[in-house]
Amino acid sequence: MSNILFIGGTGVISAAAAERAVALGHRLTILNRGRSTGRPVPEGVEILHADIRDAAAVRGVLGAQEYDAVADFISYTPEQARTALELFRGRTGQYVFISSASAYQKPPTTLPIRESTPLKNPFWQYSRDKIACEELFYEAYREQDFPVTVVRPSHTYDRTKIAMLGGWTDIHRMRAGLPVLVHGDGTSLWTLTHSRDFAKAFVGLLGRPQAIGESYTITSDEYLPWDQVFRLFARAAGVPDPELFHVSSETIAAHAPELGPNLLGDRSHSVVFDNSKIKALVPDYRATIPFADGAREIVEWHDQHPELQVVKDDHMELSDRLYQWSQRQLLPSTASPA
């Protein structure tokens, strides 16, 4: 049994990992601000309330406590990584930084993506910041023996997260018989990992000395074309034959700039991952939840919670506008989107 600290603990990834850690008998403490109620903390977990951005407050609640492993789910920038280094240097036997598989080279030059794939993403600042955080932690490992392990998840979901561009708006459009916008031509490959599957591998590497100084990709081994992802949502929503239409990611980004970084920096590229490294460390790891089951779980959850069924006016308008434009492209005379 290990003594583990989670910084966060109520997000998509961290909540599932917390459940797994407790189920395996680890002694778990969660440090967060105590504001999230969407995912309950497992019974028996010690909860410490402090804002991780307030270093003095964190030191106050931690006191002299040391941990076998600390998992950092909420450092996103180099400045936050530097604060984490100061707070946890000498306090833990392992510091697990949750980075992102979007940090891998975009567009990738080879598939599958491995831990040896270069880190480079010119499209998305989020990814570049994660890369910069990794560099800081690895420098501390090399020069100060800081016990870092880096984990790179890709698209990890639970029942609350809809993977389509418009979220619930796209389910609404499917059920209303309206055309649904898919980026690109719908054939690029995407990997979706259920958080319960991710948690198996993640908790398995906690407290493992051979993981120090190493990085690990943790994803499912199932990869699907984006059209199939949308069709699985449609089937789960009771729509056997949704009308999908396709627009390039570049065009979508030009008309909805807020979607651009994630589209161009991640979703528009095929991603197939090699999980052999994490499986060598955690031999019993295997992702067992196919996305067909995950999509049903997501839609059922939203159907049970009408308050979560948010139809976004801006995505409705974008979908309608780009659909009309796509139809004009089929005519002899073409026009630019208005």
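Anything mentioned here points back to the structure above.
These lines cover the structure that appears in this document, whether it is placed above or below.

Criteria and thresholds
- Residues numbered from 1 in each chain as written.
- Predicted model: local features only at pLDDT ≥ 70, side-chain atom pairs only at ≥ 80, totals over all residues.
- Heavy atoms only, no water.
- Helix = DSSP H or I, 4+ residues; strand = E, 2+ residues; numbered from the N terminus.
- Rg over C-alpha atoms; globule rule 2.2 N^0.38 Å.
- Buried < 20%, exposed > 50% of the residue type's maximum accessible area, 1.4 Å probe, protein only.
- Contact = heavy atoms within 4.5 Å.
- Areas by Shrake-Rupley, 256 points an atom, 1.4 Å probe, with all protein chains shown as cover.
- Lys, Arg positive; Asp, Glu negative; His and termini not counted.
- Charge placed at Lys NZ, Arg CZ, Asp CG, Glu CD.
- Salt bridge = Lys/Arg side-chain N within 4 Å of Asp/Glu carboxyl O.
- Polar contact = N/O pair within 3.5 Å; in protein donor to acceptor, adjacent residues only side chain to side chain.
- Pairing = 2+ DSSP bridges.
- Axes fitted to C-alpha atoms, helices over the stretch in contact; angles between N-to-C directions.
- Phe/Tyr/Trp six-rings, centres within 6.5 Å; stacked < 30°, edge-to-face > 60°.
- Core = buried A, V, L, I, M, F, W, Y, C linked by side-chain atoms within 4.5 Å.

Some remarks on the overall build of the protein
Then, number 1: When its secondary structure is counted, the protein shows 12 helices and 12 strands.
Then, number 2: What you see for the protein is a C-alpha radius of gyration of 21 Å, in line with the 20 Å of a compact globule of 338 residues.
Then, number 3: Burial statistics for the protein: of 338 residues in total, 54% are counted as buried.
Then, number 4: Pairs at least 24 apart in sequence give 76% of the contacts found in the protein among residues at least 6 apart.
Then, number 5: Only carbon and sulfur atoms are counted for the fraction: they give 49% of the accessible area of the protein, which is about 14,800 Å².
Then, number 6: For the protein, the distance from the average position of its 34 positive side-chain charges to the average position of its 41 negative side-chain charges is 1 Å.

Here we look at helix α3 (residues 78–88)
Then, number 1: Inspection of α3 places Pro-78, Gln-80, Ala-81, Ala-84, Leu-85, Leu-87 and Phe-88 among the buried residues, and these make up the whole buried set.
Then, number 2: The inward-facing, buried residues of α3 contact β1 (3–7), α2 (55–62), β4 (69–72), β5 (95–98) and α4 (125–144).
Then, number 3: One or two residues past the end of α3 sits Gly-90, with phi positive at roughly 80°.

Let's talk about the side chain of Arg-267
Then, number 1: Mapped onto the fold, Arg-267 is located in helix α9 (residues 260–267).
Then, number 2: There is no salt bridge for the buried Arg-267, and the closest opposite charge comes from Asp-266, which lies 6.3 Å off by N-O distance.
Then, number 3: Engagement of the side chain of Arg-267 in a polar contact is seen with the backbone oxygen of Ala-163, the distance being 2.5 Å.
Then, number 4: With residues up to four places along the chain from it excluded, the contact list for Arg-267 reads His-155, Ala-163, Met-164, Leu-165, His-183, Ser-188, Trp-190, Trp-226 and Asn-262.

Some thoughts on the side chain of Asn-3
Then, number 1: When you line up the elements, Asn-3 lands in strand β1.
Then, number 2: When sequence neighbours within four positions are dropped, the list of residues in contact with Asn-3 reads Arg-27, Gln-65, Glu-66, Tyr-67, Asp-68 and Ala-69.

Remarks on the sheet that holds strand β9 (residues 189–194)
Then, number 1: Pairing in this open sheet of 3 strands is mixed, and the strands run β7-β9-β11 from one edge to the other. Each edge of the sheet is formed by a strand with only one pairing partner; in this case those strands are β7 (155–157) and β11 (223–225). The average angle at which neighbouring strand axes cross in this sheet is 45°, direction not considered.
Then, number 2: Two strands pair when backbone bridges link them, and β7 and β9 are joined in this way by 3 bridges, in the parallel orientation. Residue pairing in the sheet places Tyr-157 in a bridge with His-194 of β9.
Then, number 3: Contacts from helix α11 (residues 291–304) reach β7, β9 and β11, with the element oriented near 50° to β7.

Overview of unusual backbone geometry
Then, number 1: Residue Lys-106 is joined to Pro-107 through a cis peptide bond whose omega torsion reads -10°.
Then, number 2: By the element assignment, Pro-107 lies in the loop between β5 and α4.
Then, number 3: Omega for the peptide link from Leu-111 to Pro-112 comes to 0°, which places this bond in the cis form.
Then, number 4: Note that Pro-112 resides in the loop between β5 and α4.
Then, number 5: Despite not being glycine, Asp-145 has its phi angle at roughly 60°, a positive value.
Then, number 6: Tracing the backbone through its elements, the reader meets Asp-145 in the loop between α4 and β6 (148–153).

Regarding the packing of aromatic side chains
Then, number 1: Here the structure, examined in full by the defined rule, presents 16 aromatic pairs.
Then, number 2: Seen from their ring centres, Tyr-157 and Phe-291 are 5.2 Å apart, and the 85° between their planes marks the pair as edge-to-face. Residue Tyr-157 is found in strand β7, and its partner Phe-291 is found in helix α11; the two are separated by 134 residues along the sequence.
Then, number 3: On the basis of relative accessible area, Tyr-157 is assigned to the buried category, the value being 1%.
Then, number 4: Taking the centre distance of 5.6 Å and the plane angle of 20° together, the rings of Phe-198 and Phe-202 count as stacked.

Description of the nonpolar core
Then, number 1: One finds Ile-171, Met-174, Phe-230, Phe-233 and Phe-291 to be the most contacted residues of the largest nonpolar core, which totals 31 residues.
Then, number 2: Elements supplying a minimum of two residues to this core: α5 (168–175), β8 (180–183), β9, α7 (226–236) and α11.
Then, number 3: A per-element tally of this core places α7 first, with 6 residues.
Then, number 4: Every residue in contact with Phe-233, bar those within four places of it in the chain, is listed here: Ile-162, Ala-163, Met-164, Ile-171, Met-174, Phe-291, Ala-295, Ile-298 and Val-299.
Then, number 5: Judged by nonpolar contacts, the second largest core, of 30 residues, contains Phe-73, Val-96, Ala-201 and Phe-202.

That is the geometry; function is a separate question.
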